Structure formats: C-alpha cells, structure tokens
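# Breakdown of the fold
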Amino acid sequence: MSPFSLCARALLAFAALASLCLDAAAQAPLTPIERFFSPPALDRARLSPKGRYVAAIFSTPGQRDMLAVIDLQTNAVSRAASYKDADILDFAWVNEERLLFNVTDKSVGPARQDAAYGLYAVNRDGSGMRQLAERRGEAMGIESHIKSRTLPWHTFIMSQRGAEDSEYVYVESVTWDLKDKFKSVELLRLNTLTGQASSVQRPGNVTAWLLDNAGAPRVALTYEKDTSTVHYLDPATSIWRPIASYHRYKGGRDAIEPVGFGPDGTLYVSATGGKDTMALHTFDLRTGKISPEPVIETPGYDFDGVLVSRRGKLLGAQLTTDARANVWFDPEMTALQKKIDAQAPGTVNLVSVAASPDAPWVLVTSYSDTHPISYNVYNLRDGSLKRLMERRPGIDPKRMARQEPVRYKARDGREIPGLLTTPPGGGKNLPLVVLVHGGPYVRGNRWGWDPDNQFLASRGYAVLEPEFRGSTGFGHTHFAAGLKQWGRAMQDDLADGARWAIAQGIADPKRICIAGASYGGYAALMGLAKDPELFRCGVSWAGLTDLNLLYNGQWAFSDLSEDYKAYGMPDLIGDPVKEAELLKANSPITHAARITQPLLMAYGAADRRVPLLHGRSFRDAVSGHNKQLEWVVYQDEEHGWSQAATKIDFWGRVEKFLAKQLGGAAAP
C-alpha cells in the first residue's frame, strides 16, 4: 500500500468546510462549562457479532449509567443491566445474545470507592444475569477462585474482541507481588453461563496478551528486568517460543510490537524496518524476520493502530496520524467508505464491522475538530445512514473552535509537531495557553474535538499543544532526543512553541500561560522558573515538583514499579545516584524562590503517582513570597480527575484564574 498521511488529507478535506462564526454567534452567551465536562450521553457503542444490535452505555442526569441495547431492525431500545447503587463501566459482546460487563460507582471519587469493578454476564434482554467476579474481598489465589466459580476482584474484560460465537470469553486477572506492585496478567477462559474458568499457560510474567483472528490466545508479551520478549504459541506444538526481544523502556529500532493476526495466521507487527518511524509489517514466524516492504507506512508518524477484520477476512486497519482514520485493503470497504463519507461530509467517519460477514449494518463513529463523536449505522442493503445518538448533544459544533496540526522549529532545529486550537472567529494577538501533555514519553493529543482545548478556546484563548521531544508517535529519533531532558531541551521546546506563536501573530507576547497535568504540571512550574519573561502565569495539576522523590524508597504507596525505577527511569529521567545533582537542578522545588508569577495548583489527595507531598512542599516553598498562589486539593481524587463535579469545579477555577491574568472571558 502506498504511503498514507492523514495530515494533508484532513487539512484539505476540512479547510473547504471551515467557516468563521458570525458576529451574533460570537456575542452569544458562553457555552456552559457543564456541557464540556459532564458525562457523555452515550458511550462505547458496539455492534453485536451478527450486526443486528448495538449496545452502549447510556447516561441520564440524576440516574446511574446503564447498559442498553438498540435493535437496529425494530429501533426498540431495551435495558440489559442497571443498578441503583452502581454504574456500568465497560462491556463486551460474548455472542449475539449475551454481554459481559463490569461496574463502578461514579457518584464518588476513587478514594471513596469501597468496591472493585466486579464482572457480570447478562443476556441482551436483561435475563440470565450471573456474577462472575467479586467486587470485594482479599486477593486470593487464582486457583482457589476457579474452584469456587467466582473469580477474584482483580479480573477484567479484555480490550480485544474474541470469537463471539459461544458462551466463552477470555478475561484477564492482574496479580501483584508482596509490595503491592504489578507482577503479571493471567489469562482465563471463562464460561459466562456457569462461571467455570481455566487458566492459560503463560511463558513468564506477562504484560499483555494477543488473540488470533479466531479468538484464541496466540501471543504473549513478557518482561524480565529491562527486557521485553514477544512469545508465540505455536498451534502445531502448543508450546510457547520467543520470537523477538527489545529494551522494555527505551524501545529502539529493534522493537517489534504485535498488532494482530490475519485469518490465515499471518502475524502483523509494528516495526521500524531499519527506518526511523514504525510501520505495519508482516512477521515471518518461521524465520523471525519482518517483511522487507511495509503493509502500511505513515511518513512522519509511527504506525499506531489496530486491524479491522471480520470472521475469515482481514479488511484493513484503523490508525492515527494527526487524527484517527480507516485504511482499507479490501476494495469493497474502500467503496463503502466513499459512500459513507458522501452522506456524512465534514467529519471523519470511522467504520466498525461485525464479526459475521452477513451482518446487515456497519457502525460509523463520526467526529471532527468542532463536532464531538456521534454514533451512526449504515445499512448495507439499502445504503442509508442513520444517526443513533450524539455523544455530547449539548455541544453546538457551529460554536466550537477550529484545530490545526502545526509544526515549528525548536532552537536546535528539531521540528516539533503540535496542535493549535483557535477561538471561533480566529483573530490575532490572542491570549495563549501552552497546554502540555503528561507522560511524558507518550503521544499527546490527536486532532478532533477535545473538552480541555475547546473549553479554553470558547473563553477566547488560543491553545498550543506541543509534541515536545520525548513524545512518542513521531519516530525513534524524536523520542530518544528527550532522554534525560526534563527541564532542559524538552522544556525549551515548549518555550520555543510559545515564541513561534508570537512570531506568527497568533499570540500576544504579554498574555501567555503555561498549563498541564502530571509531567505537564511539572513543565508548567519549570516554565515559570526558566522563562519568567515569557509565561505570565501557570496552571499545574497533579504536577511533579521534586524528581528525586520519584526514586525515594520510603514512598511505598507510590504505584511506580520497582523495575521501572531500576531499569526505566535512570535512562529516561536520570540516575538517582550518579545524576542526583542533575535531578535536583531540574526539579521545580529547587527554583521555587524564583517563581513570582500567578499560579494555580491542584492535587488529588489519594494520588499514588504524584503523592500530595509534591504539591505541599512546593506550596510551602512558594507561598511566603508569592501572594498570587491559588491552591486546591480534591480529597477523593487520584492522579487526574475522574469525577464530573471535580472537572467542573477545577475548570471553573481555571476559567476565573485565566480571565484575571490574561483577560479572556469568564461565565458570570
């Protein structure tokens, strides 16, 4: 397949449809904050195996989230599962008549939840309910629970679609060591009618499993210290054998990431093939080599996607460049995509297929930068496209902001990708928020409607989201350039992005704020210290303030694994012994006395990734000389905000803070 870049295609497709808001619209009341951060009205819509039904999680204000099923043939909606004291969290189809699901309590934050997710199965009409895993209890041995036919609370739904043709499913059970650290993922074959389960033999400490096209376990990814190994379960011998190994944390050009299987048993992997970016290749299980030519290549981007298939046929892939999109191998699916796009112009239309080749419908998930996700179904027999529901019906796309993928040069010449969101109506010399993603060694945002940047843009701010060096998804060189660059070149990339926005006439040089969560919160604090003339204010939530604290053994409640501390963090961040001074120099707490700009800080009291000590220590070091410090702790939250009430309160504080410091809009 020829090289594919969604970036150019997206800009061409959507530029023609972009329009400026009318003056009357610009003067209309601000979109209420609740419409950005309240739970979606419908979530996780999924086709049944034979394609007649769509199941989804429905949310109604004042009620618990329920699992409901839409009959596409009759348009009838039936309730499959709901509770007075719990919410549906996730689900999967077992077969055409049966669903697997788990629950949580969304009325309280993580710190107050006294039960695990549990695991249940039910028929689509609400009958045949069976509890399969506990919601409470000690972490007993897997074998003890298998005998009792009630699995332990740490048993979860697989993210992969299984065979969907019997009452059996595969589920994962996470195990921990004596220090409450992650150890391995057990794979269980579970009968959803009887509760009977059996363990799948594993080749070591497994971090991930991969099922083949028929829904059987075929690949396991294991770890040992700093090495990840890919194992293949040979159907001819029923024996696991290693087929590839690479550095667990640094990756590298020899890294091979299994993606999926074709119906003929061909293994598809993401690999570099000697280049800088990863592409989709086939993997020869006999020789252990990847195909010389890629199946899909996305220039400038690492392949990041999944295979799209139905029973017995591989159709294509869903992948991400600037945005998510489908790429089809099958000519019929290519033609179908064109028909759907013609009926739904102005949006990216992701097509999902049922397992059965005779399914009468396909599910279409549509979105754009201004349009939140909507779920639709396309009738393969009469060619009609029908809207099921908007995920966020309270959002008016005409009042949302446009978003553009951008690239700018850092001071050393490195090209930095990013996303620029500008308020409806555009403008020049705007107040700017540099919004920094967490991780940091992950991909940040993707093109499409997002509540954070859209909320800020609705209040009059331009929002720049840089994919600074160290971010993944843009090739190994871009990632490796961020090793041990916390507070250094990674930080410079953010300042250079702000200066680029000034040079382009987008940003007012006197009205720029830096903001972010986790690593982004760290970067916000370091930005105030390193570039005080550039950043007028900062917003940091769940932000690290002391890099040496990450390694401190006394913090037994931290959820960072000992292996990550020993084999990952020294290479990624810095060695705690040999480079202790480097870590100190690049810690915000060291520079607290220099921070005099207005600052909003927020933490979750139950955070185990960045314990509250990070925030309190920094607050105490700053508050004596900085009277413009705002501080808030959410007692029930962990690392990031899970509660709608928390999100609404926090972003309401951000709204008022930025309006005061940068002069943007705020709701009365």
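Here, the structure is the one placed above.
Reading the values: rules and limits
- Residues numbered from 1 in each chain as written.
- Predicted model: local features only at pLDDT ≥ 70, side-chain atom pairs only at ≥ 80, totals over all residues.
- Heavy atoms only, no water.
- Phe/Tyr/Trp six-rings, centres within 6.5 Å; stacked < 30°, edge-to-face > 60°.
- Lys NZ or Arg CZ within 6 Å of the ring centre and 35° of its normal.
- Salt bridge = Lys/Arg side-chain N within 4 Å of Asp/Glu carboxyl O.
- Helix = DSSP H or I, 4+ residues; strand = E, 2+ residues; numbered from the N terminus.
- Buried < 20%, exposed > 50% of the residue type's maximum accessible area, 1.4 Å probe, protein only.
- Axes fitted to C-alpha atoms, helices over the stretch in contact; angles between N-to-C directions.
- Left-handed = near helix turned anticlockwise from the far one by under 90°.
- Contact = heavy atoms within 4.5 Å.
- Nonpolar A, V, L, I, M, F, W, Y, C, P; charged D, E, K, R; others polar.
- Pairing = 2+ DSSP bridges.
- Parallel < 35°, antiparallel > 145°, perpendicular 65-115°, else oblique.

The final tally for this structure, using the stated rule, is 27 aromatic pairs. Joined through ring pairs, the aromatic side chains of Phe 36, Phe 37, Trp 449, Phe 455, Trp 541, Tyr 634, Trp 641, Phe 650 and Trp 651 make up one cluster. One residue, Arg 248, lies across the ring of Tyr 223, its end atom 4.0 Å from the ring centre.

Attention shifts here to the pattern of salt bridges. Counting across every chain of the model gives 34 salt bridges. Arg 44 is the partner of Asp 90 in a salt bridge, and the nearest nitrogen-oxygen pair spans 3.1 Å. In this pair, Asp 90 is assigned in strand β5 (residues 87-95) and Arg 44 in strand β1 (residues 42-47), connecting sequence segments 46 residues apart. Among the residues examined, Asp 90 registers a relative accessible area of 18% and is labelled buried. Salt bridges linked by common partners bring Arg 411, Asp 492, Asp 496, Arg 499, Lys 530, Asp 531 and Glu 533 together as one network.

Two elements in contact, helix α6 (residues 451-458) and helix α13 (residues 644-662), have axes separated by 11 Å at closest approach and are oriented at 35°. At the point where α6 passes α13, the crossing takes the right-handed sense. Note on element contacts: α13 touches α6 through Trp 651, Val 654, Glu 655 and Leu 658, opposite Asp 452, Phe 455 and Leu 456. Each residue belonging to the contact of α6 with α13 can be placed in one class, and the counts come to five nonpolar, no polar and two charged.

Across the sheet, which stays open at both edges, the three strands sit in the order β21-β22-β23 with antiparallel pairing between neighbours. The open sheet is flanked by β21 (305-310) and β23 (324-328), the only strands paired with a single partner. If you compare each strand with its neighbour and ignore which way they point, the axes differ by 25° on average. Summarising the sheet, strand β22 (residues 313-320) and β23 pair through five bridges and their orientation is antiparallel. Each residue of the ladder has a partner; that of Thr 320, found in β23, is Arg 324.

Looking now at the packing of helix α8 (residues 489-503) against helix α9 (residues 519-530). A pair of packed helices is captured by two measures, namely the crossing angle of their axes and the spacing between those axes. Contact geometry of α8 with α9 gives a least axis separation of 10 Å together with a crossing angle of 75°. Between α8 and α9, the interaxial angle falls into the category roughly perpendicular. In contact with Met 490, Gln 491, Asp 492 and Leu 494 of α8, α9 contributes Tyr 519, Tyr 522, Ala 523, Met 526, Gly 527 and Lys 530. Split into classes, the residues belonging to the contact of α8 with α9 amount to six nonpolar, two polar and two charged.

Looking now at the environment of Arg 499. As for its placement among the helices and strands, Arg 499 is situated in helix α8. With relative accessibility at 32%, the residue Arg 499 sits in the partly exposed group. Here the alpha-carbon distance between Arg 499 and Pro 509, two residues 10 residues apart in the chain, equals 8.0 Å.

The values are spatial; any link to function lies outside them.
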